[in-house]
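# Structural characterization, general
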Amino acid sequence: MTSYSVSEASSVICKRDQKAYGSGNITSASLDPFKLATDSPKYAHFYYGVRIVTGSEKFAGTPDTDIYVSLVGSKACTGKMKIVSGWFSTGISAQYHDDLLVESSADLGEVLVVIIGNPANWVISAGSAWFVDFVDVHDLQRKTKQEFPCYHWIEDGDEISFTERTMTLKDVKNNPVLCRQREQQLEFQKARYKWEPFEDLALPSGIDVKVKKLPSDEQFGASKGFDFLSTALASKGTVMFKAAFTEIQSLAHYEELATTLGAPTFSSFEFSRWTRDEEFGRQILNGVNPVVIEKCTQLPPNFPVEANLIEDSLVRGLSLEDEMKAGRIYICNLKVMDGLPCQPGWYCAAPICLLYVNKKKQLIPIAIQLKQKPGSDNPIFYPTDNWADWLLAKLYYQSASTQFHQIATHYLPCHAAMEVYSMGTMRNLPDAHPVHKLLRPHFRYTMAINTRAREKLICDGGSVDMTFAIGGEGRKQLMRIGGKAYSIHWTNIKRSVKERGVEDPNLLPGYHYRDDGLKIWKAIEDFVTDILNEFYASDEDVKGDSELQNWANDIYTNGFPGHQGSKQGHEFSNTIASKAQLVELCTLIIFTGSAQHAAVNFGQYEIYCYSPNAPPGLRLPPPTVKGKADMQTLLDTLPDKNSAALAVAVSHMLSQFSGDELFFGNFPAERFTEAKAQNLIARFRKALDEIEGHIKERNAQLDVPYIYLLPSRIPNSITI
């Protein structure tokens, strides 16, 4: 056991009582009062009540009878006290609290640290991990109660220590016991959470699980793990079975595949919506890839749009140049896809799409070029072209966007970045640190899902390689390009919409991702500001917090290394110089792991289940001439049945909430025990409820409601 600078008193557990506490959100205040007391107190002895609350998660209890608890006070400590005693005693049960009466030969003083140990036991090591929610300590002399949040799995061979209050290092600098506890905890965490660089792919680093398995604190809960596996297997098996008995002879057969796992919330194929220009524009703004569109003030030199060919689309009678000056012309340029290799028999474009806000306040495409280099073999397509030519042009754009989205919009800036933030936090900020408590709910399951993704989805021969035209080598190249260009501010919606020139709702109406996202960003920013103001009085407090500075430097140096010529840190600073900077970073991290991921993930089934709407790959090269396409050309171009079926299965799996999902603002783990902080959390929830109401009121007026940023549908963290 870690040694502390206080003497050890002779201490024993003289009584133990176990009681089930039922289900629901359990807090210290919701439990029955502590009632154990000694019948005959000994002279000059001191008595403490200890309540250990085991989590309700399946398998949270432990059969191990060697587990122990120790209290470290300002005057003395107890040493190890074995919780379970007797030959026929049982271990600890899930959804129970264990009440212990501790007798000590000395006054411990104020209890500062609780230690729980789970000694290595080769006989019953399997399944002996124990999840502790929190521990209450009652000083029966002074009639005081302290709450010690834990919320850790205590694995076989582990010893975990935790403290009562939320504190920065400045708050404990004169307390050697608390300083030692923080040092010991971070030593333990750094040994468990080791960086693995992904230099070959120029990606942010992740957790190294080659030597030691993923820490229990990061693994899926039992129900989540089962949900994930069963959904994946059932989805793929059902759709591939359907595909085996389907021959693609018309668009209707793609619809049959798309509905194999149930109709999506919104059907792009219903009433042939997917063929309409206004639906194409709606998906640019409010589909799963809403971060590509930019205001166009000047055409790129490699995009020689003929102004006279788009006059019919510019319904206000103004020239293209005048419409650009008025702020009604927008562009999506997927140049990053240029030159990516494809699998044999598959093709991917690198398109440029010009869009216009018409009098109906709809965003519609008015010109599409499928390759980056202009020329006679690279025509620009217009809405006035043959219907099949125009529809094919939109298909090639959507197919490129689909593949770009999965790597450069979804995995890299959300999944990969959040793993970095989680690693940096677990390695450098002790549990009692306010920034740790603020961010921790937004890391739940992220390392677990990322580890699965690297094993099954984005690995060599994984589902992404099998589904997308660019295949494995193209995926790797896209990762390298994206990884080198990546900035943490890609998911800063406040900054992103300004940089892309799309912040004005009067010029670009109907951009619900922007409107809802900015409201949520503001609510997070206000909450973060309020919480941090409780613990940092000035910029000097921030600069003087060495734990916080170590956090920033570790993320900068090891989390976002400068692979293959990319910028070190990817705009994450190696120092935190002010409260304002810290507020922005914490807001960014919380928004990225919750709202941003929800916006770019949970609409995948609606957008991708019907391959003609957003094909994962195309079987004919981009057309080099106009006027030859027809329905048969369309069918020959679209994915084969197996690829279409796999897209259905993968998009369905990635769009599901799990049975144990925790939605935004719901923090059942009560890490902040301070009344002021709990009031601020309640205020945050109220702000989210108000946003929910505004979104629902707006959605009631829409043909296609935008639901992905309803707070009630935003998970706290990336769990899929």
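As a starting point, this report considers the structure included with it.

## Description of the overall build of the protein chain
- Scanning the protein chain from terminus to terminus reveals 20 helices and 18 strands.
- Compactness check: the protein chain gives a C-alpha radius of gyration of 29 Å against a globular reference of 27 Å for 720 residues, within 12% of the reference.
- Taken along the three principal axes of its C-alpha coordinates, the protein chain extends 100 × 55 × 50 Å.
- The proportion of buried residues among the 720 residues of the protein chain is 59%.
- Put simply, the protein chain shows about 28100 Å² of open surface, and 51% of that area lies on carbon and sulfur atoms.
- With 74 positive and 85 negative side-chain charges, the protein chain shows a separation of 1 Å between the mean positions of the two kinds.

## Here we look at the environment of S643
- Structurally, S643 can be placed in helix 19 (residues 641-654).
- For the pair S643 and Y48, spaced 595 residues apart in sequence, the C-alpha to C-alpha distance is 64 Å.

## What about the sheet that holds strand 18 (residues 380-381)?
- In spatial order, the strands read 14-15-16-17-18; together these 5 strands make up an open sheet with antiparallel pairing. Lying at the two open borders of the sheet, with one neighbouring strand each, are strand 14 (294-295) and strand 18.
- Where strand 17 (residues 363-369) lies against strand 18, 2 bridges are found, and the strand directions are antiparallel. Bridge pairing links Q369 to I380 in strand 18.
- Each of strand 15 (329-333), strand 16 (352-357) and strand 17 touches helix 5 (residues 277-286); the most contacted strand, strand 17, lies at about 90° to it.
- Packing against the sheet, helix 7 (residues 387-428) makes contact with strand 15, strand 16, strand 17 and strand 18, and its axis sits at approximately 90° to strand 17.

## Topic: the layout of surface pockets
- Considering only enclosed or pocket space, the largest pocket measures out at about 1400 Å³ in volume.
- Every element with two or more residues in the lining of the largest pocket is listed here: strand 9 (130-139), strand 10 (144-154), helix 3 (222-244) and helix 9 (446-456).
- No other element matches the 4 residues that helix 9 contributes to the lining of the largest pocket.
- Of the pockets and cavities examined, the second largest pocket occupies roughly 840 Å³.
- In this structure, the second largest pocket is lined by 31 residues; those nearest its centre are V291, V292, E294, F404 and W490.
- Among the elements of the structure, strand 15, helix 7, helix 11 (471-485) and helix 12 (493-499) are those that each provide at least two residues to the lining of the second largest pocket.
- Residues that form the lining of the second largest pocket fall into these classes: 14 nonpolar, 11 polar and 6 charged.

## A short note on the packing of helix 13 (residues 512-533) against helix 16 (residues 579-601)
- Running from N to C, helix 13 and helix 16 point in directions that differ by 140°, and their axes come no closer than 9 Å. One way to sum up the angle between helix 13 and helix 16 is to call them oblique. The handedness of the crossing between helix 13 and helix 16 comes out as right-handed.
- Of the residues that constitute the contact of helix 13 with helix 16, the class distribution is 14 nonpolar, 6 polar and 3 charged.

## Re the nonpolar core
- Ranked by size, the top nonpolar core spans 150 residues in total, and within it I293, M337, Y421, W551 and L582 carry the most contacts.
- Counting residues per element, this core draws most heavily on helix 7, at 22 residues.
- By size, the runner-up hydrophobic cluster in this structure holds 27 residues, among which are I52, M81, I83 and L100.

## Section: the sheet that holds strand 2 (residues 11-20)
- On the basis of which strands lie adjacent, the open sheet formed by 5 strands has the order 2-7-3-9-10 and antiparallel pairing. Each edge of the open sheet is held by one strand with a lone partner, namely strand 2 and strand 10. Between one strand and the next, the sheet's axes are offset by a mean angle of 20°, whatever the strand orientation.
- Bridge analysis of strand 3 (residues 46-54) against strand 7 (residues 96-104) gives 8 bridges, and the strand direction is antiparallel.

## What about the side chain of R440?
- Tracing the backbone through its elements, the reader meets R440 in the loop between helix 8 (434-439) and helix 9.
- Of the polar contacts made by the side chain of R440, one reaches the side chain of E218; its length is 3.1 Å.
- Excluding anything up to four places from it in sequence, R440 contacts D217, E218, S422, M426 and R671.

Basis of the calculations
Residues numbered from 1 in each chain as written. Predicted model: local features only at pLDDT ≥ 70, side-chain atom pairs only at ≥ 80, totals over all residues. Heavy atoms only, no water. Helix = DSSP H or I, 4+ residues; strand = E, 2+ residues; numbered from the N terminus. Rg over C-alpha atoms; globule rule 2.2 N^0.38 Å. Buried < 20%, exposed > 50% of the residue type's maximum accessible area, 1.4 Å probe, protein only. Areas by Shrake-Rupley, 256 points an atom, 1.4 Å probe, with all protein chains shown as cover. Lys, Arg positive; Asp, Glu negative; His and termini not counted. Charge placed at Lys NZ, Arg CZ, Asp CG, Glu CD. Pairing = 2+ DSSP bridges. Contact = heavy atoms within 4.5 Å. Axes fitted to C-alpha atoms, helices over the stretch in contact; angles between N-to-C directions. 1 Å grid on protein atoms, 1.4 Å probe; cavity = no way out; pocket = protein on both sides within 12 Å on 5 of 7 lines; lining within 4 Å. Points joined across faces, edges and corners; volume = space filled by probe spheres on them. Nonpolar A, V, L, I, M, F, W, Y, C, P; charged D, E, K, R; others polar. Parallel < 35°, antiparallel > 145°, perpendicular 65-115°, else oblique. Left-handed = near helix turned anticlockwise from the far one by under 90°. Core = buried A, V, L, I, M, F, W, Y, C linked by side-chain atoms within 4.5 Å. Polar contact = N/O pair within 3.5 Å; in protein donor to acceptor, adjacent residues only side chain to side chain.

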